[in-house]
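In case you want the letters, here they are:
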Amino acid sequence: MEKRRTIGIWFLVLLGLAIGFAIENVRVGLLIGLVLGLLTIGLAAGRKR
């Protein structure tokens, strides 16, 4: 289970970077980055349990 969560965190980070480079609209990119960041924080916080 720990390995799956770690892979999920890295996937979200890489997905956020890819979307950030692909989107030219700054506001939409920031919104998507914020959502992905919150998901990543949620996964990382659950990891400490």
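Residues numbered from 1 in each chain as written. Predicted model: local features only at pLDDT ≥ 70, side-chain atom pairs only at ≥ 80, totals over all residues. Heavy atoms only, no water.

(A) Up close: the environment of Ile9. Following the sequence through the fold, Ile9 ends up in helix α1 (residues 2-22). Residue Ile9 is classed as buried on the basis of its relative accessible area of 12%. (Helix = DSSP H or I, 4+ residues; strand = E, 2+ residues; numbered from the N terminus. Buried < 20%, exposed > 50% of the residue type's maximum accessible area, 1.4 Å probe, protein only.)

(B) Quick look at a nonpolar patch on the surface. Side chains of Leu31, Leu34, Val35, Leu38, Leu39 and Ile41 sit close together on the surface and give an oily, nonpolar patch of about 610 Å² of accessible area. By the element assignment, Leu38 lies in helix α2 (residues 26-47). Under the relative-accessibility criterion, Leu38 is labelled exposed at 56%. (Patch = residues over 30% accessible without salt bridge, like charges linked within 9 Å, V, L, I, M, F, W, Y side chains within 5 Å. Areas by Shrake-Rupley, 256 points an atom, 1.4 Å probe, with all protein chains shown as cover. Salt bridge = Lys/Arg side-chain N within 4 Å of Asp/Glu carboxyl O.)

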